[in-house]
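Chain by chain, the residues run as shown.
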Amino acid sequence: MVSSVSPEPFKEELEAKSSGHQTALGDSDASPSSRAPMVTSESMSAVQFGGQTQDGGGDNGLCGLLLTFISWLLVIVTLPFSLCVCFRVVQEYERAVIFRLGRLVSGGAKGPGIFFILPCIENYTKIDLRTSVFDVPPQEVLTKDSVTVSVDAVVFYRVSNATISVANVENAHHSTRLLSQTTLRNMLGTKNLNEILSDRDGISATMQNSLDSATDSWGIKVERVEVKDVRLPVQLQRAMAAEAEATREARAKIIAAEGESKSSRALKEAADVMKDSPSALQLRYLQTLNSISAEKNSTIIFPLPIDFMSQFVNK
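Residues numbered from 1 in each chain as written. Predicted model: local features only at pLDDT ≥ 70, side-chain atom pairs only at ≥ 80, totals over all residues. Heavy atoms only, no water.

Student: Can you explain the overall build of the chain? Please cite residues and give values.
Tutor: Each helix and strand in the chain was counted, giving twelve helices and eight strands. Burial status across the chain gives 24% buried among its 315 residues. Counting only contacts in the chain whose residues sit at least 6 apart along the sequence, the fraction spanning at least 24 positions is 66%. Of the accessible surface of the chain, which amounts to about 21,500 Å², a share of 58% is contributed by carbon and sulfur atoms. (Helix = DSSP H or I, 4+ residues; strand = E, 2+ residues; numbered from the N terminus. Buried < 20%, exposed > 50% of the residue type's maximum accessible area, 1.4 Å probe, protein only. Contact = heavy atoms within 4.5 Å. Areas by Shrake-Rupley, 256 points an atom, 1.4 Å probe, with all protein chains shown as cover.)

Here it is as structure tokens:
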């Protein structure tokens, strides 16, 4: 007698296998950023004290323990010659980021002074903490009012966290320089020419804040940004010079006209005073003669009143 077998258990098993296969596919499609998390300043405590990078190399398993033991044995056997290889010195302005079997060693960056490394399984990278400076090459920028200008700048920065600058970015210095160039172009593209020429301090401060926030995850601190020079096209320089010259000439003519107006009013007032007092006009004649004689001229001019000449004309 053949017994009947229900297909329900097999169906459930097939559904479970298919769902598990889809889950595995979904995990394989995950983004690389989710599979390789970056080291941040918040996670430094976990890196240093969380047990992921202990000195014993527990996360490396039995193979890591065996290699660490062999390395220590090699150091002990070759004493004192091994001390020349194991001890390293970094300067006051330097830090050493140590990797053991590809993992960060607990305690963060070492230095300044003497530190100890195990041969064969540990390597280190020196990081300079001093302030560095570089010139941003001249960037051809099209401003908001469609004017092409060439702008260059200078950036002062330093490494604020040596461990993050090594673990999170391949070359922090080169990345900062490229980011400075793109930030300068993007920022000046939103400004008018007058704003670029008159508000350099504001542009420098905005660019510094933008770079500082962008490079914080790289362990870089941007201290200062300065716009060095703004080069204009030759034709635009000539047009601006002609405009400035015309403006100055117009202002000079206005000032001269205002002076003529004031002097004419003063002469009118003086003429009114002399009209009422004939002796005042005679005194003015004498004052003019005194001014002419002070210059030691050989010719002396005697002015005659017009009224005196008119009497002879009438006769």
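Still more to cover.
Student: Outline the sheet that holds strand E7 (residues 148-159), supporting the account with residue identities and numerical values.
Tutor: Strands sit in the order E6-E7-E8 across an open sheet of three strands; the sheet is antiparallel. For this open sheet the edge positions go to strand E6 (132-142) and strand E8 (220-231), each flanked by a neighbour on one side alone. In this sheet, adjacent strand axes meet at a mean angle of 25° when their direction is disregarded. Together, E6, E7 and E8 form the strand contacts of helix H7 (residues 172-188), whose direction differs from that of E6 by roughly 35°. (Pairing = 2+ DSSP bridges. Axes fitted to C-alpha atoms, helices over the stretch in contact; angles between N-to-C directions.)

Student: Describe the sheet that holds strand E5 (residues 122-128), naming the residues involved and giving the relevant values.
Tutor: Spatially, the three strands line up as an open sheet ordered E3-E2-E5, and their pairing is antiparallel. The open sheet has two edge strands with one neighbour each: strand E3 (103-104) and E5.

Student: Explain the environment of Met274 to me, and be specific about the residues and the numbers.
Tutor: By secondary structure assignment, the location of Met274 is in helix H10 (residues 234-276). Met274 gets classed as partly exposed once you look at its relative accessible area, which sits at 27%. With ten residues separating them in the primary sequence, Met274 and Arg284 have C-alpha atoms 9.1 Å apart. Residues within four places of Met274 in sequence aside, it is in contact with Ala280, Leu281 and Arg284.

Student: Break down the pairing of strand E2 (residues 94-100) for me, with residues and values.
Tutor: Across the seven residues that make up E2, a large majority, six, are buried. Pairing of E2 with E5 involves seven bridges; the strand directions are antiparallel. Directly across from Ala96, in E5, lies its bridge partner Lys126. The pairing of E2 with E3 spans two bridges and is antiparallel. Directly across from Arg100, in E3, lies its bridge partner Arg103. Hairpin connection, E2 to E3: the antiparallel pair is bridged by two residues, and Leu101 has positive phi, about 55°.

Student: Could you give an account of a negative patch on the surface, naming the residues involved and the relevant values?
Tutor: On the surface, Asp145, Glu195, Asp199 and Asp201 cluster together into a negatively charged patch. Positionally, Asp201 belongs in helix H9 (residues 200-214). (Patch = residues over 30% accessible without salt bridge, like charges linked within 9 Å, V, L, I, M, F, W, Y side chains within 5 Å. Salt bridge = Lys/Arg side-chain N within 4 Å of Asp/Glu carboxyl O. Lys, Arg positive; Asp, Glu negative; His and termini not counted. Charge placed at Lys NZ, Arg CZ, Asp CG, Glu CD.)

Student: Tell me about the nonpolar core, and name the residues and values.
Tutor: Ranked by size, the top nonpolar core spans 32 residues in total, and within it Val149, Val151, Leu184, Leu188 and Val230 carry the most contacts. Listed by contribution, the elements that provide at least two residues to this core are E2, E6, E7, H7, helix H8 (193-198), H9 and E8. The residues contacting Leu184, other than those within four sequence positions of it, are Val136, Gln139, Val151, Ala153 and Met207. Formed by six residues, the second largest nonpolar core is a distinct cluster that contains Val90, Ala96, Phe115 and Ile117. (Core = buried A, V, L, I, M, F, W, Y, C linked by side-chain atoms within 4.5 Å.)

Student: Before we move on, can you summarise H7 with the specific residues and values?
Tutor: Helical geometry: 3.6 residues make up each α-helical turn, so side chains three or four residues apart lie on a common side. The end-to-end C-alpha distance of H7 is 24 Å, a good match for the 24 Å that 17 residues give at a rise of 1.5 Å each. Of the residues making up H7, those classed as buried are Ala172, Ser175, Thr176, Ser180, Thr183, Leu184, Met187 and Leu188. Down the axis of H7, the sector holding all buried residues measures 165°, keeping them to one side. (Expected span 1.5 Å × (residues − 1). Arc of directions from axis to C-beta.)

Student: Give a detailed account of the side chain of Thr215, specifying residues and quantitative values.
Tutor: You can see Thr215 is positioned in the loop between H9 and E8. Separated by 2.7 Å, the side chain of Thr215 and the backbone oxygen of Leu211 make a polar contact. Ignoring sequence-local partners within four residues, the contact set of Thr215 consists of Thr176, Leu179, Ile220 and Val222. (Polar contact = N/O pair within 3.5 Å; in protein donor to acceptor, adjacent residues only side chain to side chain.)

Student: Run through a nonpolar patch on the surface, naming residues and quoting values.
Tutor: Taken together, the side chains of Leu66, Leu67, Phe69, Ile70, Leu73, Val77 and Leu101 make up a nonpolar region of the molecular surface, amounting to roughly 640 Å² of accessible area. On the accessibility criterion, Leu73 (43% relative accessible area) is partly exposed.

Student: Lay out the packing of H7 against H9 in plain terms, naming residues and giving numbers.
Tutor: Contact geometry for H7 and H9: axes closest at 10 Å, N-to-C directions at 135°. One way to sum up the angle between H7 and H9 is to call them oblique. As H7 runs across H9, the sense of the crossing is right-handed. Residues Leu179, Ser180, Thr183, Leu184, Met187 and Leu188 of H7 lie in contact with H9, whose contacting residues are Ile203, Thr206, Met207, Ser210, Leu211 and Ala214. Its residues assigned to classes, the contact of H7 with H9 comprises eight nonpolar, four polar and no charged. (Parallel < 35°, antiparallel > 145°, perpendicular 65-115°, else oblique. Left-handed = near helix turned anticlockwise from the far one by under 90°. Nonpolar A, V, L, I, M, F, W, Y, C, P; charged D, E, K, R; others polar.)

Student: Help me get a handle on the packing of aromatic side chains, residues and values and all.
Tutor: Overall, the coordinates contain four aromatic pairs when judged by the stated rule. An angle of 15° between the planes, with centres 5.6 Å apart, marks the rings of Trp72 and Phe116 as stacked. Note that Trp72 is positioned in helix H4 (residues 61-77) and Phe116 in strand E4 (residues 113-116), a separation of 44 residues in sequence. An aromatic cluster is built from Trp72, Phe87 and Phe116, whose rings are joined through pairwise contacts. Directly above the ring of Tyr93 sits Arg130, whose terminal nitrogen or CZ lies 3.8 Å from the centroid. (Phe/Tyr/Trp six-rings, centres within 6.5 Å; stacked < 30°, edge-to-face > 60°. Lys NZ or Arg CZ within 6 Å of the ring centre and 35° of its normal.)

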